[in-house]
Structure formats: C-alpha cells, structure tokens
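Examination of the molecular architecture
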Amino acid sequence: MANAAQLNLKLGIDVSNLSRELGKVESKLAKFGSQMQNIGSTMTQSLTLPIIGLGAASLKAFADIEKLENGLIAIMGSSEAASTELDKLRKVAENPGLALPEVVKASATLQSVGMSADAARETITQFGNATARAGEGAETFDGVIVALGQISAVGKVTQEDLNQIKGRLPEFADVMKNEFGVVTAEAINKMGLSAEDFINRSVSALAKLDRAQGGLGNTFDNLKDNVSASLAEFGKAINESLNLEAVAASLSRYIQGLVDGFKSLNPETQGFIVKATLLVAAIGPVIFIVGKLISTYGALVGATKLIVQGIGSISKAFAYLAANPMILVVTAAIAALGAIAPYVS
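I will try to describe carefully the structure that is included in this document. Treat the numbers as computed from the prediction; the structure is a model and nothing was measured. Along each chain, residue indices are assigned from 1 in the same order as the chain's sequence is written. Residue-level local features of this predicted model are given only where pLDDT is at least 70; pairs of side-chain atoms are given and counted only at 80 or more, and the full residue set underlies all totals for whole chains, interfaces and linings. As a convention, hydrogens and water are excluded, and side-chain values are obtained from all of the structure's heavy atoms.

A short note on helix α5 (residues 117-133)
Given 3.6 residues per turn, any residue in an α-helix points the same way as the ones three and four places further on. Only DSSP runs of H or I covering at least 4 residues are called helices, and only runs of E covering at least 2 are called strands; the numbering of each starts at the N terminus. By definition here, a helix of n residues has an expected span of 1.5 Å times n minus one. Taking 1.5 Å of rise per residue, 17 residues should cover 24 Å, and α5 covers 24 Å from first to last C-alpha, within 8% of that figure. Accessibility here uses a 1.4 Å probe with only protein chains present; expressed as a share of the type maximum, an area under 20% marks a residue as buried, one over 50% as exposed, and anything in between as partly exposed. Buried residues dominate α5, accounting for 13 of its 17 residues. Trailing α5 by a residue or two, Gly135 shows a phi angle of about 75°, which is positive.

Considerations on the pattern of salt bridges
What makes a salt bridge here is a side-chain nitrogen of Lys or Arg within 4 Å of a carboxyl oxygen of Asp or Glu, nothing more. Summed over all chains, the structure comprises 7 salt bridges. Salt-bridge contacts for Arg121 lead to Asp118; the nearest nitrogen and oxygen are separated by 2.6 Å. Taken together, the residues span about one helical turn, with Arg121 and Asp118 both in helix α5 at a distance of 3 residues. Take Arg121: its relative accessible area is 15%, and that puts it in the buried class. Its relative accessible area of 49% is what places Asp118 among the partly exposed residues. For Glu179, the salt bridge is made with Arg201, and the minimal N-O distance between the two is 3.1 Å. Taken together, the residues span a long stretch of sequence, with Glu179 in helix α8 (residues 171-180) and Arg201 in helix α10 (residues 195-206) at a distance of 22 residues.

Some remarks on the nonpolar core
With 46 residues, the main nonpolar core has Ile124, Phe127, Leu148, Ile165, Phe172 and Phe198 as its most contacted residues. What makes two residues a contact is simply this: any of their non-hydrogen atoms within 4.5 Å. If sequence neighbours within four positions are ignored, Phe198 has contacts with Ile151, Val157, Leu162, Phe172, Met176, Phe180 and Ile188. Among buried residues, the Ala, Val, Leu, Ile, Met, Phe, Trp, Tyr and Cys ones that are joined through side-chain atoms within 4.5 Å form a nonpolar core.

Examining the packing of aromatic side chains
Between the rings of Phe, Tyr and Trp (Trp by its six-membered ring), a pair exists once the centres lie within 6.5 Å; its type follows the angle of the planes, with under 30 degrees stacked, over 60 edge-to-face, and the other angles tilted. Counting across every chain of the model gives 3 aromatic pairs. Residues Phe172 and Phe198 carry aromatic rings whose centres are separated by 6.4 Å and whose planes lie at 90° to one another, so their mutual orientation is edge-to-face. Here Phe198 lies in helix α10 and Phe172 lies in helix α8, a separation of 26 residues in the sequence. Ring centres of Phe180 and Phe198 lie 5.4 Å apart, and the angle between their planes is 25°; on these two criteria the pair is classed as stacked. Taken together, the residues span a long stretch of sequence, with Phe180 in helix α8 and Phe198 in helix α10 at a distance of 18 residues.

Some details on helix α3 (residues 79-93)
Taking 1.5 Å per residue, 15 residues should reach 21 Å; α3 reaches 20 Å between its end C-alpha atoms and fits that length. By the burial criterion, the buried members of α3 are Ala82, Glu85, Leu86, Leu89, Val92 and Ala93. Buried residues along α3 cover an arc of 115° about the axis, so they all sit on one side. Facing away from the buried side of α3 by over 90 degrees, the exposed positions are Glu80 and Lys91. The directions from the helix axis to the C-beta atoms are what the arc is built from.

Next comes the structure, spelled out in structure tokens:
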C-alpha cells in the first residue's frame, strides 16, 4: 500500500495550503463569533433589559391605576364618572401631604357613606392640608378619613372618632373651638348638629387656614405621581396591543390543564415524573460540584508536586553537605562569630 508521501507524489495534491486557509477561516469565524457575543451582551444590557424593565414598570403602574379606578367605578356606578373624578383627584393629590393612591382611597371611603364626590374632594383637600401643616403623612391622613367615614356612617359625632381626629391633628381642637365654641362630641350633639353639618362646617373652618408649604419632598411626590400616570398610559397601550389579559387567561388555563392531567395519572407515573424532574434539576448542580472537585484535586496535585519537588531539593542539599563536611564547619564558624560580635567591644 502506498504511504502518504507516495500518494502525494502520484496525485499531485498538496493539502497544506487548504489546511492553512481553513485555519484562517476558523480563526476569523471564532473572532466574528466573539464579536457577535460582545455586541449581543452590550445590546442586552443597554437596550433589552431597560426596555423590559420599562415595560414591567408601565404594566405595574397601569395595574395600580386600574385598581384605583375600579374602586371608584364600584362607588360611582360608571367608568366615565370614575375617569372624570380620577382626573380631578390627581389635581388634589398635587397638594402637600397627599398622594394619589391615598386620595382615591379616601374619596371612595367618603362616597361609600353617602358623601357626594364634590364634598368628598373638598373634605380631602382641607383635611389633607391640616395633615401637612401638622407635619404628618399618609398614615395620619388615612386615620382621619376613617374617623370622618365613621362619623358619616353613624350619623353623629362620637367622642371616640373625635379623639382620633384631634389625636392626629392637634390643631383641630382650636379649629373646633373657634367654629363651634366647644370641643367635645357631647357638646356638638347638644347643639343639634348632624354629622353632615359637623363635617361641612369643619371643612369650611379648615379652609381658612394657611396652605402648607410643600417643599422639595412634595415636589418629588408630585413627580412620582406624574411619572406613574405616564407609565400607566404606556402600560395601558401595551396591554391593549398585546391583549395581555387574554394571554394570561390562556396561560392560566394551560397550566391548569397540565395540573389536571398530572392529577389524572396513576401514582406510579406521578412518582416517576417527580423523580425524573428532580434528577434533571439536580444535573446542573452535580456537574458544577464535580467540576469544583476536579479543580480542587488538580490544585492539590499541583501543590503535592511542589512539596515533593521541595523535599527532593532538600534531600539533595543534605546529601551534598554530607559529602562536603567542610562547608558545615565554615558555616558554623561564621554563625558563631555573628553571635558573639555584639558582646565584643
């Protein structure tokens, strides 16, 4: 049989150039692939992730606004009235100490006990201003609204509800004194005032107070509300374009179908699927651990090799000294001179 060199002579074929060219192509492809990976990674970090983040934030903002609007729809009876009122409440929320979620929730609470939308909005505005003047925030405002809602629901002023308001807004006691001449629920009720009269006159009295100064904190709150409103509009457009509600419903049905199908299997098949799933899930971590063990073993082998080499070098050194004892004598003499040198004047 002819060998490779003879075959080359007979056929006149030299593949060395082809091999070099293929090597160049391989190198260029590897370089191109690396460049594509870098471009893809950069675009993912610079474009894909921010776009996904913006979309998620927009959908979250839309869901929050939609939830608030649905609450108003349940109270007001129509989406048109709720949408109009929501726009008005956005203006109210621009005042210091107020934020849109708390304002919408307060409006729904007050309207649910019989207050009109206009009266609820004015009540929120004035008690919100009193809350800001007291240097308080959403928690205090929510407590005041709850107390006012209870007064409206019961139909009269109770001392417990009055204490809730005065405890949160110390200034309200002076407002009551100036407006009614009394500061207790018993005295208010003796005056024959209804719950509606008490709230309306309290709101009118609070309207005479100076407006709270918003400052930088209020500016940031308003910016947050405005950004949320803008994101909500974008999220609404995304939802309508992709019909996410239908997609989510379809996905939910598909998942439920998988669950129902799994439940219909016999116990042996269910057990096999569970074990197989656990095995697949464990493959990755197991390979990682094995890789770490191999790396650690390799490092230990390297360290052992160095130790063995070191021991070998030391053994050679001792053997050399044993063959040349004069070196030990000279070294000992030098060490002795070094030791007594400090004591020689």
